[in-house]
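The residues making up each chain are set out below.
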Amino acid sequence: MQVLNNTFTNLPERIAGLGELAENLWWSWHPAARMLFKTLHRRRWKESIHNPDKMLRSMPADLLQAASRDADFVAYYDEVLADFRDYMAVKACLPLHDDTPRNSPAIAYFSAEYGLHHSLPFYAGGLGFLAGDYLKECSDLNIPMVAVGFMYPEGYVSQRVSADGWQESVQVQLDRDAASIGRVLDRDGRPLVVPIPIIEPTIYVAVWRVSVGRVPLFLLDTDIKENDPWNRGISARLYAGDQEQRLRQEIVLGIGGAEVLQVLGIEHAVVHLNEGHAAFSLLERIRDRILEGFGLEEALQRVREKTVFTTHTPVPAGHDIFPFALIEKYFSGFWESLGLDRQSFLALGADPGNGDGFNMTTFALRLSRFKNGVSRRHGQVANQMWRKLWNNEGETEAEAPIKAITNGVHVPTWIEPKMELLLNRYLPQGWLADHDVRSIWDKIDEIPDQELWETHVWLKIKLFNVIVERARQRWSQEQVNPSMVIAGGAMLDSSVLTLGFARRFATYKRADLIFHDIDRLKAMLKDPWRPLQIIFAGKAHPDDHPGKMVLQKIVNIAKDPDYAGRIAFVEDYGEQFAQYLVHGVDVWLNNPIPPMEACGTSGMKASLNGVPNLSILDGWWLEGFGGDNGWAFGGEALEGDRTAADAEALYRLLEEEVIPLYYDNAESGMPGGWVRMMKQAMQQTGAHFSARRMVKEYAALFYRQALERPCPQKKATTERSSS
Ligand SMILES: *Cc1c(COP(=O)(O)O)cnc(C)c1O
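Residues numbered from 1 in each chain as written. Predicted model: local features only at pLDDT ≥ 70, side-chain atom pairs only at ≥ 80, totals over all residues. Heavy atoms only, no water.

(A) The arrangement of the sheet that holds strand 23 (residues 630–633) in detail. Pairing is parallel in the open sheet, where 6 strands are placed in the order 20-19-18-21-22-23. With partners counted over all chains shown, the strands left at the sheet margins are strand 20 (567–570) and strand 23, one partner each. Strand-to-strand twist across the sheet, computed as the mean angle between neighbouring axes with direction ignored, equals 20°. In this sheet, strand 19 (residues 532–537) lies alongside strand 18 (residues 497–502) in parallel orientation, the contact comprising 6 bridges. Each bridged residue has a counterpart across the sheet, and for Leu497 the counterpart in strand 19 is Leu532. Packing of helix 20 (residues 518–525) onto the sheet brings it into contact with strand 19 and strand 20, and relative to strand 19 it is tilted by some 110°. (Pairing = 2+ DSSP bridges. Helix = DSSP H or I, 4+ residues; strand = E, 2+ residues; numbered from the N terminus. Axes fitted to C-alpha atoms, helices over the stretch in contact; angles between N-to-C directions. Contact = heavy atoms within 4.5 Å.)

(B) Focus on the site of the ligand. Taken together, 13 residues lie near the ligand, and Phe129, Lys509, Thr601, Ser602 and Lys605 sit nearest. Lys509 is positioned such that a nitrogen or oxygen atom in its side chain is 2.9 Å from an oxygen atom of the ligand. Protein contact buries 94% of the 390 Å² of open area that the ligand shows by itself. A class-by-class count of the residues in the shell around the ligand yields 4 nonpolar, 6 polar and 3 charged. When we break the shell around the ligand down by domain, the ones giving at least three residues each are domain 2 (94–407 + 699–708) and domain 3 (411–689). (Near = heavy atom within 4 Å. Polar contact = N/O pair within 3.5 Å; in protein donor to acceptor, adjacent residues only side chain to side chain. Areas by Shrake-Rupley, 256 points an atom, 1.4 Å probe, with all protein chains shown as cover. Nonpolar A, V, L, I, M, F, W, Y, C, P; charged D, E, K, R; others polar. Domains from an automatic or database assignment.)

(C) Examining the pairing of strand 11 (residues 215–221) more closely. Among the 7 residues of strand 11, 7 are classified as buried, and the element is accordingly described as predominantly covered. Here strand 5 (residues 145–150) pairs with strand 11 via 4 bridges, running parallel. Note on strand 11: the bridge partner recorded for Phe150 is Leu220. As paired strands, strand 10 (residues 204–212) and strand 11 are joined by 7 bridges and run antiparallel to one another. Bridging across to strand 11, Val210 finds its partner in Leu217. Between strand 10 and strand 11, which follow one another and run antiparallel, lie 2 residues, and Gly213 among them has a positive phi close to 60°. (Buried < 20%, exposed > 50% of the residue type's maximum accessible area, 1.4 Å probe, protein only.)

(D) Layout of the packing of aromatic side chains. Enumeration according to the criterion identifies 32 aromatic pairs in this entry. Centroid distance Trp26 to Tyr87: 6.2 Å. Interplanar angle 55°. Geometry classified as tilted. With Trp26 in the loop between helix 1 (17–22) and helix 2 (31–40) and Tyr87 in helix 6 (residues 71–89), this residue pair connects regions lying 61 residues apart in the sequence. Exposure remark for Trp26: the relative accessible area of 4% places this residue in the buried category. (Phe/Tyr/Trp six-rings, centres within 6.5 Å; stacked < 30°, edge-to-face > 60°.)

(E) Region of interest: the packing of helix 25 (residues 643–662) against helix 26 (residues 672–683). Closest axis-to-axis distance for the helix 25/helix 26 pair is 7 Å, and the angle between their directions is 105°. The orientation of helix 25 relative to helix 26 falls into the category roughly perpendicular. From helix 25, Val658, Leu661 and Tyr662 reach across to helix 26, where they touch Gly673, Trp674 and Met677. Split into classes, the residues belonging to the contact of helix 25 with helix 26 amount to 5 nonpolar, 1 polar and no charged. (Parallel < 35°, antiparallel > 145°, perpendicular 65-115°, else oblique.)

(F) Representation of unusual backbone geometry in the model. Looking along the chain, the bond that leaves Pro594 and enters Pro595 is cis, with omega of 0°. Mapped onto the elements, Pro595 comes out in the loop between strand 21 (587–590) and helix 23 (602–608). Despite not being glycine, Gln479 shows a phi value in the positive range, around 50°. Residue Gln479 is classed as exposed on the basis of its relative accessible area, which comes to 59%. Phi is positive for Ala564, which is not a glycine, with a value near 60°. Along the chain, the position of Ala564 falls in the loop between helix 21 (545–559) and strand 20.

Everything listed here is a matter of geometry and, on its own, says nothing about what the molecule does.
Here it is in structure tokens:
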């Protein structure tokens, strides 16, 4: 396969490999590679917002020439490039399966979102980051995988908050030429364009490739001249448009994605659906089996044996249900061509007891033998939700059709580089390569408290600098109202205990819970000796009016002098700010309505860096809370509106435990008890809540077995247009 990567004609021969590095996201989780670009030109690195592709493009030839003659730089360059090439030279094989290298990816992973780096804005929230971390870890573990997703040139929403606190979306167009992506070409070296089968009139997709280390990710793009405007807009933005446009997105992702893999000649035995959005990708597989002569039931059975499905949320809006009439409009030709009747097709997506609509989750559940939720608790909840599909009342946990594999975060991505350096000094050599071994983290006990504390304070100040600088920019460049500058965090004080709360503004996450009793909160914020401050960030879905109202409430509070500048709302939460925030606050706050948080991963990112969680017992925290690594509340089942009870529990913990522990620093200016808790947070997170542990579980529980089943018969090969 040919890919038209960005070429950097300005690079001198001696350091031409910088272009190679810039075109593979490997640089994003290897601090040495990032440092190499930073060393090349500090200011341009900053101006490109840490995007090597964009930065190299902006470099004048004379500066690059000078770098190519700088002995220190060139030595560093050689070292990083050698590491990269060694990494890439390893052939994929399946861990726990056999060590035979495989030439073709065995598993195709489908997801509507990927959170890989802020320069590739193809994510809305947790689902995307899970998928991005998953690919990075599959690369690190040599899993033979290929991934499919969407190119969204307008991303999700770029958030601006108006003076009255209302979230507005600003259009930001991705510059496809200044990102680590390349256009896939056909045999003749022309940009590949693939028509999507089944659907009339035809939709065409262009294909982009992102190299995530060893894992190729193919992104489909409908914004090309071959399509009429309605179709061009299909991939414009994540989760945008009406129901029909949404259905068309899922058709493109699923059916188009499967077709693109065919056209590229990528054989894959197993399909892994990350959420139901891409479940239509199974239709081509069903069709192939039927065309081979199997009856419908037999065909479904064969597809099922090779399908893995991960469901991610108990929240209803997270499950797409399309009216049957709409499904009929797009798929009647499909089922007719297979000799199926309407009823047997629609039955695949029927939701018993919830009449009229084709449910992508029930469709995916029916068609996958390997199914899971994303934490132990969510596994139980998902089995409850979908029990009606199997009528298996009273089964044991081992018999439950939906398994539980708890999410984890990609440690090399989320451990802060300065923290990593500290760990390098005290943990066994090569610890990062073995970070899912629990005992590796024991050595954290040997880090002198003072050193860990100083590293944390340094990261906290870095975060505050970033926030204040942003507020300053808005003040000086846009002359916004001073109250908005203060709401943006201009008065934050790095000596004050700081809570962080950042995630999507879905109402079940209850960003405003802590404002339940305003007087009680104010007393803490304005305490003269032991004050508290809180940093908020996050986006509401553009159609989520109640979510936007919660956001507005918080921005208005942040502007109110009566809160003394101790509440901040930072706009446009994304990957880059998340990195600063999860590393730099003192406590990570989380208080959704149980059991709505299927897992949650931002708390893991914080905990990994020594930021303890103050969280309701839901999602991962039911497994993660160990008594001495953070605080927990609200685990009990409560009827009805639980706001008051949860708020009370939260205030009590703050007043009686969190605040006293933080300010107990009389001896050395350092709170010893707090630092011990930080150490526990890191020790109890690093191994178990890593993407490494997670991917190994998928491999052991699902991939291995799915691959061992007899492969579906190969389709009679018809010559395809290109490869
Ligand atoms: C990790 C992450 C998320 C997911 O956070 P949750 O705890 O699952 O809500 C969302 N957004 C960004 C930018 C992240 O980095």
